[in-house]
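Tertiary structure, described
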2 protein chains.
Amino acid sequence: MTSNDVRVDARALQATVQAIFAACAMPAARAYLLADSLVFADLRGIHSHGVLRVPEYVVKLTRGGVNPRGVPQIVRQTGGCLVVDGGNSMGQIGAHFAMQEAIARAQVHGIGAAAIRGSNHCGAMAYFAVQALPHDMIGIATTNALPTMAPWGGVDKIMGINPLGVAIPAGAEQPIVYDAAFSGSSHGKIRIYQQKGLPLPEGWAMDRAGRPTTDPIAALDGLLMPIGGFKGTGLALIMGVLSSMLSGAAYGAELGNMVDGPQPGLDGHFAAAIQIAAFEDVARFKARVDAAIRQIHACRTAPGFDRVYAPGELEAARAAEYTAQGIPLNAVTLADLRRAAAGLGVACNL
Amino acid sequence: MTSNDVRVDARALQATVQAIFAACAMPAARAYLLADSLVFADLRGIHSHGVLRVPEYVVKLTRGGVNPRGVPQIVRQTGGCLVVDGGNSMGQIGAHFAMQEAIARAQVHGIGAAAIRGSNHCGAMAYFAVQALPHDMIGIATTNALPTMAPWGGVDKIMGINPLGVAIPAGAEQPIVYDAAFSGSSHGKIRIYQQKGLPLPEGWAMDRAGRPTTDPIAALDGLLMPIGGFKGTGLALIMGVLSSMLSGAAYGAELGNMVDGPQPGLDGHFAAAIQIAAFEDVARFKARVDAAIRQIHACRTAPGFDRVYAPGELEAARAAEYTAQGIPLNAVTLADLRRAAAGLGVACNL
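Below or above, wherever it landed, is the structure these notes cover. (Residues numbered from 1 in each chain as written. Chains lettered and ligands numbered in written order. Predicted model: local features only at pLDDT ≥ 70, side-chain atom pairs only at ≥ 80, totals over all residues. Heavy atoms only, no water.)

**Examining the packing of aromatic side chains**
Inclusion rule: Ring pairs are drawn from Phe, Tyr and Trp, using the six-membered ring of Trp, whenever the two centres fall within 6.5 Å, and their geometry is named by plane angle: stacked under 30 degrees, edge-to-face over 60, tilted for the rest. Only DSSP runs of H or I covering at least 4 residues are called helices, and only runs of E covering at least 2 are called strands; the numbering of each starts at the N terminus. We call a residue buried when its accessible area falls under 20% of the maximum for its residue type, exposed when it is over 50%, and partly exposed in between, using a 1.4 Å probe and counting protein chains only.
This model, assessed by the stated rule, comprises ten aromatic pairs over all chains. Summarising the aromatic geometry, the rings of Tyr193 of chain A and Trp204 of chain A are spaced 5.0 Å apart at their centres and angled 75° between planes, so their arrangement reads as edge-to-face. With a gap of eleven residues between them, Tyr193 of chain A in helix α6 (residues 187–196) and Trp204 of chain A in the loop between α6 and β8 (205–206) connect regions that are remote in the sequence. A relative accessible area of 14% places Trp204 of chain A in the buried class. Arranged with centres 6.3 Å apart and planes meeting at 35°, the rings of Phe21 of chain B and Tyr57 of chain B form a pair that is tilted. On the criterion of sequence distance, the pair formed by Phe21 of chain B in helix α1 (residues 10–22) and Tyr57 of chain B in helix α3 (residues 54–62) is long-range, its members being 36 residues apart. Accessibility expressed as a relative area gives 0% for Phe21 of chain B, which makes it buried. Chaining the aromatic ring pairs together yields one cluster made of Phe40, Tyr127 and Phe128 of chain A.

Written out as structure tokens, the structure reads:
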């Protein structure tokens, strides 16, 4: 939270954003879901995938070619597996539907998996991974993304950073919720360094010739750097194959580029659910996850750290705080929301 | 290949190593499999998981508490999922069996998954992932490992680098075969830098206080660094949960430590298979994977690179060369093999 941030009530934010999407011709339940996925990210402090996206989503829904009334449908199914066509709906609609179907199949087969095509930007992957938690399942969600990386050793922008979300049920502790891309950083973070005139940390970016750089301007003109060199690009490739090639969606550069944006209705995702009880006593599993989390808490800290967190724990603490005290939104995001609401004739209570 | 290396015929190497394991009381088919997994790694140039391990494996099998006659058994099954108890066999025996069972279930359910407990060191993960390829399936294999990393922000060695192997069928191109741990490097590579008196690359290690270091001695006394900071330790945690907590195996420090080694029969792994045809036309899938690989080949190179490879391609090229011209083994490994053979009364044709 910075000095320009204003605390906004999460429920009021949800209501306004839902009304904005409803005014874009989305049916109520789907407008709710789309708003919920953005507010979920803001509550966890992941503002890059939060309501900051509303103006961009409004453009997609009203004149960007995304179908606000698109209905996801199952187009293929075998055992625990299925393919969903999102019907050119926003990615959240198809991915949420697909994860529900994967969970239903995991109830029967122990494990279920869904590939999604005919889709669009789907927001934070954790939103779908956590759907599995109330069912005592492990949730896995990944997506294809517009290309911003080169394969390791190359300089052509042909690979997405293809984020992965994984949620694992715990007992008394917060569940493990992992959500990250396979790049060292993101364009959004690099832009913040550029605005502040600060050099980038090592490992974030390469210039357009493929040389590591700490210059934000060279980085924005260049490539995002994968984590772990060939490891990061290899993992991103795998996520891209699962998301796009099992589903029949566009892959990498087939989807579009960062300048012109994605072509509507061509994106793809992948979601899977693993039923704990198919393998292990659920109580014992959760007790062991709790123990692993407590072992992390008990860990002595490295210089510069005052606490060690399990994946998703910091985000869960933020969500508790922001639910109680409001979500800190910056002035630009808030003004954008008010403008989006006004443009659609939606009453804005923010 | 360095000047001290000797080219060894892959089939002769396989035969000798198999005979060594048979002389450790392993039944022939299992001695073959164990030898094959090590020669597979050497053929791909991954000598850290190759026959260099023979002396250590002989100790495990003869007086280290691993059961050379241990038989993996299915102890639980539901739909596409199963739990295998390795019966304290070498990890390769249980993991290979489990992947075969996962593949059989993926034939029926579209996706299959196996968690393995009662196991031991299992060598290169790619060996199990590639089992899926002839069945036109995607193979996934991961394992728990002895702790060598701290969770991000900590300094206690409580996390394994828990490698992941993934194999994806291609058409005319080599299949995609990814196999890597979630650390920037390994103890083996750091030891080579120590021997040569060279500073380590950035991103490989931290000293015991959790400060990044390029000093090999401080690194060996310290911690392996994860790839991508919290991302690498998060992914390693997820692989540890899949391998140990779904199966009931030991997790991280429960298995032992790098000084005393692992406790026999407590390790765990995880293997899964995804049937392409459950989602997509197999020929179309493979053609698209080929196109993605060719896009990688066509990529302009970064400074210091003369070619861009898809994951596993360099290893496949090495395997072709080494199959034809022999596997380059260094003098120490070769002497160790001869000593192991002699100690067990096995004729050594190397």
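**Remarks on the sheet that holds strand β13 (residues 267–275) of chain B**
All names here are of chain B. Going by this rule: A pair of strands is considered paired only if DSSP assigns at least 2 bridges between the two. Each axis is a line fitted through C-alpha atoms, taken for helices only over the stretch in contact, and angles between the N-to-C directions span 0 to 180 degrees.
Spatial ordering of the open sheet is given by β2-β3-β4-β13-β5-β6-β7, a layout of seven strands whose pairing is mixed. The open sheet has two edge strands with one neighbour each: β2 (73–78) and β7 (176–180). Averaged over all pairs of adjacent strands, the angle between strand axes in this sheet comes to 10°, irrespective of strand direction. Relative to strand β6 (residues 164–168), strand β5 (residues 137–143) runs antiparallel, the two being bridged by four bridges. By the bridge assignment, Ile140 is partnered in β6 with Val166.

**Let's talk about the pattern of salt bridges**
For side chains bearing opposite charge, pairing can occur when the charged atoms are close. Counted only if it meets this: Salt bridges are counted wherever a side-chain nitrogen of Lys or Arg sits within 4 Å of a carboxyl oxygen of Asp or Glu.
Taken as a whole and assessed by the stated rule, the structure comprises 26 salt bridges over all chains. Notably, a salt bridge pairs Arg288 of chain B with Glu254 of chain A, separated by 2.7 Å at the nearest N-O pair. Remark: Glu254 of chain A occurs in the loop between α8 (230–245) and β11 (256–257) and Arg288 of chain B occurs in helix α9 (residues 282–297); the pair is interchain, linking two chains. Connected through salt bridges with shared partners, the residues Glu173, Asp290 and Arg294 of chain A form a single ionic network.

**Re helix α1 (residues 10–22) of chain A**
Side chains of residues three or four places apart in an α-helix project in the same direction, reflecting 3.6 residues per turn. All names here are of chain A. What counts, and what does not: By this rule the span expected of a helix is its residue count minus one, scaled by 1.5 Å. Throughout, a contact is declared for two residues whenever any of their heavy atoms are within 4.5 Å. Under this definition, polar contacts are N or O atom pairs within 3.5 Å; protein pairs additionally need one hydrogen-donor-capable and one acceptor-capable atom, and for neighbouring residues in sequence, both atoms have to be side-chain atoms.
The terminal C-alpha atoms of α1, which comprises 13 residues, lie 18 Å apart, in line with the 18 Å expected from a rise of 1.5 Å per residue. Ala10, Ala12, Leu13, Gln14, Thr16, Val17, Ile20 and Phe21 are the residues of α1 that are buried. Contacts from the buried residues of α1 go to β1 (6–8), α2 (28–43), α3 (54–62), β14 (327–329) and α11 (331–343). A side-chain oxygen of the first residue of α1 lies 3.2 Å from the backbone nitrogen of Arg11; this N-cap is Asp9.

**So, the packing of helix α9 (residues 282–297) of chain A against helix α8 (residues 230–245) of chain B**
As a reminder, the rule being used: By convention, the crossing between two helices is left-handed when the near helix turns anticlockwise from the far helix through less than a right angle, and right-handed when the turn is clockwise. For this scheme, ten residues count as nonpolar: Ala, Val, Leu, Ile, Met, Phe, Trp, Tyr, Cys and Pro. Four count as charged, namely Asp, Glu, Lys and Arg, and the remainder, Gly too, count as polar.
Two elements in contact, α9 of chain A and α8 of chain B, have axes separated by 11 Å at closest approach and are oriented at 145°. The chirality of how α9 of chain A crosses α8 of chain B is right-handed. Along the contact surface, α9 of chain A presents Phe285, Arg288, Val289, Ala292 and Ile296 of chain A, while α8 of chain B presents Leu237, Val241, Ser244 and Met245 of chain B. Per-class residue counts for the contact of α9 of chain A with α8 of chain B are seven nonpolar, one polar and one charged.

**A closer look at the relation of the copies chain B and chain A**
Our working definition: What sets the superposition is a least-squares fit of C-alpha atoms, and only residues with pLDDT of at least 70 in both copies go into it.
Note on the copies: chain B fits chain A at an RMSD of 0.0 Å, the axial shift is 0.0 Å, and the rotation between them is 180°. Overall, the copies show the geometry of a two-fold rotation axis. Taking C-alpha positions as reference, the residue of chain B nearest the rotation axis is Ile227 of chain B, located at 2.9 Å. Both copies share a contact surface, since 100% of the interface residues of chain B are interface residues in chain A too.

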